[in-house]
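Coordinate analysis (summary)
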Amino acid sequence: MVFRILILGLILFIVEIYAFQAFRTLVKVNWILISYQVISAFVLLYIVYSFTNFDRSVGQTKQTMFTMGLLLVVYIPKIVLTLLLLGEDIFRIGMGSVKYMVDRNNETFLGSRRKFVSQLGMGLAAIPFMSLLYGITIGKYNYKVIKQRIFFTDLPDAFDGFTITQISDVHSGSFDNPDKINYAIDLVNEQNSDMILFTGDIVNTDAKEMHPWIATFNRIKEHKYGKYSVLGNHDYGEYVTWPSEAAKEANFQAIKDLYGQIDFKLMLNEHAYIQKGEDKIALIGVENWGHNFKKAGDIEKASANVHQDDFKILMSHDPSHWDYEIKNHEKNFHLTLSGHTHGMQFGIEIPGYFKWSLAQYVYAQWAGLYENLGRYVYVNRGFGFHAYPGRVGIMPEITVLELKKGPKVA
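Rules and cut-offs
- Note that residues are indexed from 1 along each chain, following the sequence as it is written.
- Local features in this predicted model are restricted to residues of pLDDT 70 or higher, and side-chain atom pairs are both shown and tallied only at a pLDDT of 80 or more, whereas totals for entire chains, interfaces and linings draw on every residue.
- To get the side-chain values, take all heavy atoms of the structure and skip hydrogens and water.
- Each pair of strands is called paired provided DSSP finds at least two bridges between the two strands.
- Helix and strand definitions follow DSSP, with helices as H or I runs of at least four residues and strands as E runs of at least two, each counted in order from the N terminus.
- For helices, the fitted axis covers only the stretch in contact; all axes are lines through C-alpha atoms, and the angles between them, taken along N-to-C directions, range from 0 to 180 degrees.
- Like charges within 9 Å and nonpolar side chains (Val, Leu, Ile, Met, Phe, Trp, Tyr) within 5 Å are joined into patches, using only residues over 30% in relative accessible area that form no salt bridge.
- Residue exposure ignores everything except the shown protein chains as possible cover, and the areas themselves are Shrake-Rupley values with a 1.4 Å probe.
- The salt bridge criterion pairs a side-chain nitrogen of Lys or Arg with a carboxyl oxygen of Asp or Glu, the two atoms within 4 Å.
- The charge count includes Lys and Arg as positive and Asp and Glu as negative, but it does not include His or the ends of the chains.
- To locate a charge, take NZ of a lysine, CZ of an arginine, CG of an aspartate or CD of a glutamate.
- Burial status follows relative accessibility: with a 1.4 Å probe on protein chains alone, a residue under 20% of its type maximum counts as buried, one over 50% as exposed, and anything between as partly exposed.
- Working definition: a ring pair exists when centres of Phe, Tyr or Trp rings (six-membered ring for Trp) sit within 6.5 Å. Plane angles under 30 degrees give stacked, over 60 give edge-to-face, the rest tilted.
- Two conditions define a charge sitting above a ring: the NZ of Lys or the CZ of Arg must be within 6 Å of the ring centre, and it must be within 35 degrees of the ring normal.
- In a helix, the anticipated span is given by 1.5 Å times the number of residues less one.
- What the arc describes is the spread of directions from the helix axis to the C-beta atoms.
- Any two residues whose heavy atoms approach within 4.5 Å are treated as being in contact.
- For our purposes a nonpolar core is just a set of buried Ala, Val, Leu, Ile, Met, Phe, Trp, Tyr and Cys residues, chained together by side-chain atoms within 4.5 Å.

Reading across the sheet, the six strands line up as β6-β7-β8-β9-β13-β12 and stay open at both edges, with mixed pairing between neighbours. Each edge of the open sheet carries a strand with a single partner, namely β6 (270-276) and β12 (368-372). Neighbour to neighbour, the strand axes of the sheet diverge by 20° on average, direction disregarded.

Okay, structure coming up:
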């Protein structure tokens, strides 16, 4: 761990050298240059200190989130500068080599750094700098209600027009603004859906993180057809070191109890039938199953005694479960609801036209609706945030799904 932190420190030091070269090309006042160096050195030392003193028995704290935010806000722009100036250096070395071969008496092998390249670099670096600052100050609580209509030819008649609100990835240990969370709960209640489903990650690690927010989440009103939930990967408390296995198990039990304390029925590899009029649908909830994470989900156990011709909605926190096990499952799970990815909390979305995030290089299904042979998965972008204390482009989401009977309308 220490070795990796030292490598990171070395990389950041090299980035600092290049960033200072760009700054020095544009600024000629000595006291400003010295101030820049002092501040940069302090920030670098603080980041290295914070990461080398990370306490795995505690896990993520407000300080570690601040450090991650500081790292990204300061060094992503500087990395942009470094890449541009490194490209210029490669060009300068190439031109210097050509000049040397033509005239070996040429005393200036490397040409001077061009001011316009540094100006261009500063301009480009300002884009991630301002974006990341926006994500920390505004974006992380910029809740969006996303409405999605999904058509099924075999949807029971009584459920035509049935609405489901989905929330996911609350990560209550990251919250720092009660007014914003109350506003989000108001948005949830305003949807007046028939049912609400919560697809996991109520905390980052420790059950105590949710204690200040229980009353707030108890403001989520009763839904006519129920409030159901499943566990996410963070709910198992596996990303910290516990003093004993008993302490870990006690925390896990306390986290499971949290869902009941906010009046959600926690489904642990089980199912329930939702009855409306003469018709019913099967709601199935599995524990976390992730291709690269904990595999506690048992779809066979959860769907035991569910009939082949039943209409089925599955809650499974990690969308890789759908990709690897569910989409081609013989029992035909019509709709799967997931979360987990957060869309990496950073990306670009132009609804209906363009969607990009680093998450897409890890997950085949990472945000929104996906279909395979008439079976769907919807991946919620998450209610909260984790690690980076912000959101850029991929905003916190409250989903409203409307089930419709019939073929998909173009």
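Below, the discussion takes up a negative patch on the surface. A cluster of acidic residues, D298, E300, E325 and E330, forms a negative patch on the protein surface. Considering the arrangement of structural elements, one finds E300 in helix α8 (residues 299-302). You can call E300 partly exposed: its relative accessible area is 44%.

This part is about the environment of E190. Inspection of the secondary structure puts E190 in helix α5 (residues 178-190). For the pair E190 and W366, spaced 176 residues apart in sequence, the C-alpha to C-alpha distance is 26 Å.

Pairs of aromatic rings are described using the distance from one ring centre to the other and the angle between the two planes. Under the counting rule described, the total for this entry stands at 17 aromatic pairs. On the basis of an interplanar angle of 45° and a centroid distance of 4.9 Å, the ring pair of Y143 and F383 is categorised as tilted. Of the two residues, Y143 is situated in the loop between α4 (115-137) and β1 (144-152) and F383 in the loop between β13 (375-379) and β14 (397-405); the sequence distance between them amounts to 240 residues. Assessed through its relative accessible area of 6%, Y143 is described here as buried. Three or more aromatic residues joined by ring pairs make a cluster, and in this case those are Y141, Y143, F175, W213, F217, F383 and F385. For the cation-ring pair, K280 lies above Y273, with the distance from its terminal atom to the ring centre recorded as 4.3 Å. Note that K355 overlies the ring of W366, its terminal NZ or CZ placed 5.3 Å from the centroid.

On to helix α7 (residues 245-261), then. For α7, spanning 17 residues, the distance from its first C-alpha to its last is 24 Å, which sits close to the expected 24 Å at 1.5 Å a residue. Within α7 the residues assigned to the buried category are N251, F252, I255, K256, L258 and Y259. The arc enclosing the buried residues of α7, seen along the axis, measures out at 140°, which places them on a common side. Residues of α7 that are buried in the fold lie against β3 (195-198), α6 (214-217), β4 (227-229) and β5 (265-266).

Most of β13 sits inside the fold, with five of its five residues counted as buried. Where burial is concerned, the two faces of β13 agree: the one with R375, V377 and V379 and the one with Y376 and Y378 are both buried. Direction of pairing for strand β9 (residues 335-338) relative to β13: parallel, over a ladder of four bridges. Looking at the pairing, L337 lines up with Y378 of β13. With five bridges joining them, β12 and β13 adopt antiparallel strand pairing. Among the inter-strand pairings, E371 is bridged to a residue of β13, identified as Y376. Counting the residues that bridge the hairpin from β12 to β13 gives two residues, and of these L373 lies at a positive phi of roughly 55°.

This brings us to the pattern of salt bridges. By the definition in use, this model includes 13 salt bridges. Put simply, K78 and E16 hold a salt bridge, and the shortest N to O gap is 2.9 Å. Here K78, found in helix α3 (residues 62-102), pairs with E16, found in helix α1 (residues 2-26); they are 62 residues apart in sequence, far enough to count as distant. Both residues of the pair, K78 and E16, belong to the buried class. Here K294 makes a salt bridge to E238, at a shortest N to O gap of 3.0 Å. Of the two residues, K294 is situated in the loop between β7 (279-285) and α8 and E238 in the loop between β4 and α7; the sequence distance between them amounts to 56 residues. Residue classification places E238 among the partly exposed residues on the basis of a relative accessible area of 30%. Each of E238, K248 and K294 takes part in one network of salt bridges that share partners.

This paragraph deals with the nonpolar core. Residues I202, M210, F217 and F383 are the most contacted members of the largest nonpolar core, which totals 33 residues. Considering each element in turn, this core owes the most residues, five residues, to α5. With near-sequence residues (within four places) excluded, F217 lies in contact with V170, F175, I181, I185, M210, I262 and F383. In terms of nonpolar packing, the next biggest core, distinct from the first, is built from 24 residues, F162, M195, M267 and L283 among them.

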